[in-house]
Amino acid sequence: MTYNTETKKTTGIINHEQIMTVLAWVDANKDNKPLINEIMRKAREQKGLLHAEAALLLEYGDQDEIFSLARSIKDKFYGNRIVLFAPLYLSNYCVNGCTYCPYNCRNKNIARKKLTQDEISREVIALQEMGHKRIVIEAGEDPKNNPIEYILESIETIYGTKHKNGAIRRLNVNLAATTVQEYKMLKQAGIGTYILFQETYHEEQYKKLHPSGFKSGYSWHIEAMDRAMQGGIDDVGIGVLFGLADYRYEFLALLMHCEHLEKTYGVGPHTISVPRIKAADDINLDSFNNRIDDATFSKLVACIRVSAPYTGIIVSTRESTESRKKVLDLGVSQISGGSRTSVGGYEEKKQENTEQFEISDNRSLGEVVRWLMEIGYVPSFCTACYRQGRTGDRFMELCKSGQIHNFCQSNALMTLQEYLIDYSDEDTAVIGQKLISKELLNIPDEKTRSLIAQKLEKIKEGSRDFRI
Ligand code: SF4
Ligand code: SF4
C-alpha cells in the first residue's frame, strides 16, 4: 500500500490532519477489493496492523472473516482463560468538569465521599471475601481531598490487608494524569498497570467535554502515558469512552497511540479498555449522538484484537451479560466481576448516591465465575507476571513469541483451584474441579503439567499462592 502510516506532529502522539486524511483514504478505497484482501492477508500473519490498514478493515472488511480471525488470535495468544478483577472507588471528590461523568464538580446532586483507611481496609476484606486478588483503584482528581499522599497510603493499606486466605496481589490504578515525579512514587508503591482513558482523542470535542479543571488540558492528558513511562511504569492501559466522538476517529487515534508508545519506549500498551458511555446521575444520554450500537461495538473489539494481538482487552460491567459474552469470543481477555461503582459499595452494598455509572451486569463474582465456566472459559485470578517481574518489554517478548500461554494456563488453574476451595459454592466447585482436570491436560509440557498437578494437590491441602 502507498499510504504513509508514520505518526508525526501535533502532540507527536496523534495527528488530527493525518486521521482526517486516512478517513478520506478509507472511503476512497471502499471498493478496492485487492487492497482489502491484501490487508486481510497481512492480518492473518497475526502480527498486527498499522492504523490505516486497520481503519479500512473496520469499515469495509468482511465481518465474518474479521470475527473468525479475531477468534483465532484470541485462541493463539490468550486461550480460553479470562482474568477477573474489580474496581475499588476510593473517593468521588473531583475538581474537573467532565460533562459525561456524574463526579464532575458542578453536580450537586451526588453525595461526595472519601474512604478513610479503616473503610478501605473493610472494602478490601469484602473484596477478598468475594475471592478477588486483582483490583483497580479509582478516585476523582482533587489535590486537596485526594492528594498523592492519600493514594500512596491507600495502596499500602490495600496491600497490607490480609483476611483469612485473602490478599490483593496486584493493584492497578486508574488515576488522573500527573507528573513524572508522582508516577515514580506510584511505581515505588508497587502498582501493576497505570490505566488512564483518553476518553476522546478528538481535540475539539475533548475541549467541549472538559470545560474546566486540570483535565481540560488536552496535551497534558494525552501525554500522560509518556510521563508514566518516563517515571518507570512500563505497563500502561489506554482506552476510549466510546460515544463521545466518531468511533472511526477514536479507533484510528487509539492505534496511533499504541504505535507511538511502541516506537518511543519499545513497548505498546499492556491493555486497551473499551467502555461505552452509560446513563448516570446528571448525565443525559440523548446529548451524546456518537453512541455506538452493539454490532459496531463487536466489530470494534474484533478489529482491535486483529490490529493489536499482544494487548489485553478489558470490558467492565458497564456491558450487559449478553454483550460481554459476545465480545469475550472476539478477543476480550479481562473482565470485572461483582463490581460496585460507588464509594464504599462493597461493604455497605446499598450505598447512598455515589455511583459513577449504572452497571449492566449486576451478577455476583460467584455467578460470573460459574457462567464463564459454563460457556467454556477458565476464570483466572492470576497476578503472576507483575510479581515475577515480567512487565514491559519482558512481558511483550513472551507474549509475541506465544510463550506466555504456558504461564497463563498453569497460573489460571492454580488460582481457580484456590478460589473453588476458599470462596465458591458446592455446585460451582464441582463444575470447576472437572474443568481443572480437563484443562490440566492442555498444558503441553509434561514436566510443567506434572509440577502443576502437584501444586494443585498442595492447594487442596491448604497451601496458597503458587505461581510460575
Ligand atoms: Fe473527575 Fe474522572 Fe469523572 Fe472527570 S471522569 S469528573 S476526572 S472522576
Ligand atoms: Fe496475566 Fe501473566 Fe497471569 Fe498470564 S501469567 S494471566 S499474562 S499475569
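Residues numbered from 1 in each chain as written. Chains lettered and ligands numbered in written order. Predicted model: local features only at pLDDT ≥ 70, side-chain atom pairs only at ≥ 80, totals over all residues.

**Looking at the overall build of the protein chain**
In step 1: Along the protein chain, the regular secondary structure elements total 20 helices and nine strands.
In step 2: Its C-alpha atoms give the protein chain a radius of gyration of 21 Å, within 12% of the compact-globule value 23 Å for 468 residues.
In step 3: Along the first, second and third principal axes, the C-alpha set of the protein chain runs to 65 × 55 × 40 Å.
In step 4: Scored against the burial criterion, the 468 residues of the protein chain give a buried share of 51%.
In step 5: In the protein chain, 78% of the contacts between residues at least 6 apart in sequence involve partners at least 24 apart. (Helix = DSSP H or I, 4+ residues; strand = E, 2+ residues; numbered from the N terminus. Rg over C-alpha atoms; globule rule 2.2 N^0.38 Å. Buried ≥ 20, exposed ≤ 12 C-beta atoms within 10 Å, placed from the backbone. Contact = placed C-beta atoms within 7 Å.)

**Regarding unusual backbone geometry**
In step 1: In this structure, Q46 is a non-glycine residue whose phi angle is positive, near 65°.
In step 2: You can call Q46 partly exposed: it has 15 C-beta atoms within 10 Å.
In step 3: Even without being a glycine, D465 presents a positive backbone phi close to 65°.
In step 4: Mapped onto the elements of the fold, D465 is located in the segment after α20 (446-460).

**Focus on the domain arrangement of the protein chain**
In step 1: The domains assigned to the protein chain are domain 1 (75-362) and domain 2 (394-460).
In step 2: Distance between the C-alpha centres of domain 1 and domain 2: 28 Å.
In step 3: Between domain 1 and domain 2, the residue contacts involve ten residues of the former and twelve residues of the latter.
In step 4: In terms of residue class, the side of domain 1 that touches domain 2 is built from four nonpolar, three polar and three charged. (Domains from an automatic or database assignment. Nonpolar A, V, L, I, M, F, W, Y, C, P; charged D, E, K, R; others polar.)

**What about the packing of helix α4 (residues 63-78) against helix α12 (residues 294-307)?**
In step 1: It is the contact of α4 with α12, at a shortest axis distance of 9 Å, that shows an interaxial angle of 55°. On the basis of their axis angle, the class for α4 and α12 is oblique. The chirality of how α4 crosses α12 is left-handed. Residues Q63, I66, F67, L69, A70, I73 and K74 of α4 pack against K299, A302, C303, R305 and V306 of α12.
In step 2: Partitioned by chemical class, the residues of the contact of α4 with α12 number eight nonpolar, one polar and three charged. (Axes fitted to C-alpha atoms, helices over the stretch in contact; angles between N-to-C directions. Parallel < 35°, antiparallel > 145°, perpendicular 65-115°, else oblique. Left-handed = near helix turned anticlockwise from the far one by under 90°.)

**Considerations on the nonpolar core**
Among soluble globular proteins, nonpolar side chains are generally buried collectively.
In step 1: By size, the foremost hydrophobic cluster in this structure holds 138 residues, and its most contacted members are Y194, V301 and C303.
In step 2: Both domain 1 (75-362) and domain 2 (394-460) contribute no fewer than three residues apiece to this core.
In step 3: In this view, Y194 contacts V173, Y183, L186, A228, I233 and V236; residues no more than four positions away in its chain are not counted. (Core = buried A, V, L, I, M, F, W, Y, C linked by C-beta atoms within 7 Å.)

**Considering the pairing of strand β7 (residues 312-315)**
In step 1: Burial along β7 is two-sided: G312 and I314 and I313 and V315, pointing in opposite directions, are all buried.
In step 2: Examined bridge by bridge, strand β6 (residues 271-273) and β7 share three bridges and lie parallel to one another. Pairing of I272 across the sheet is with I313, part of β7.
In step 3: This β-α-β element, β6 to α12 to β7, shows right-handed connectivity.
In step 4: When β7 meets strand β8 (residues 334-336), the two strands line up parallel, connected through two bridges. Its bridge partner being in β8, I314 is matched across the sheet by Q334.
In step 5: Regarding the hand of the β-α-β motif, the stretch spanning β7, helix α13 (residues 321-329) and β8 is right-handed. (Pairing = 2+ DSSP bridges. Right-handed = clockwise from strand over helix to strand, strands pointing away.)

**Observations concerning the site of ligand 2**
In step 1: All residues adjacent to ligand 2 are V83, S380, C382, T383, A384, C385, I404, F407, C408 and N411.
In step 2: Mapped by element, the contributors of at least two residues to the shell around ligand 2 are α16 (384-387) and α18 (404-422).
In step 3: Sorting elements by how many residues they give to the shell around ligand 2 places α18 first, with four residues.
In step 4: Of the residues that constitute the shell around ligand 2, the class distribution is seven nonpolar, three polar and no charged. (Near = placed C-beta within 6 Å.)

**A short note on the site of ligand 1**
In step 1: Every residue lining ligand 1 is accounted for by C94, N96, C98, C101, Y103, N104, G140, E141, A176 and K215.
In step 2: Classifying every residue of the shell around ligand 1 gives five nonpolar, three polar and two charged.

**Details of helix α5 (residues 117-130)**
In step 1: Its 14 residues give α5 an end-to-end C-alpha distance of 20 Å, which sits within 8% of 20 Å, the value for a rise of 1.5 Å per residue.
In step 2: Among the residues making up α5, those that are buried are I120, E123, V124, A126, L127 and Q128.
In step 3: Check the buried side of α5 and you find it contacts β1 (81-91), β2 (134-139), α6 (148-160) and α14 (345-348).
In step 4: Directly after α5, the chain includes G131, whose backbone phi takes a positive value near 120°. (Expected span 1.5 Å × (residues − 1).)

**Focus: the environment of N406**
In step 1: Positionally, N406 belongs in helix α18.
In step 2: Exposure remark for N406: the 15 C-beta atoms within 10 Å place this residue in the partly exposed category.
In step 3: Sequence separation between N406 and T448 is 42 residues, and the spatial gap between their C-alpha atoms is 8.6 Å.
In step 4: Not counting residues up to four positions away in its chain, the partners in contact with N406 are D445 and T448.

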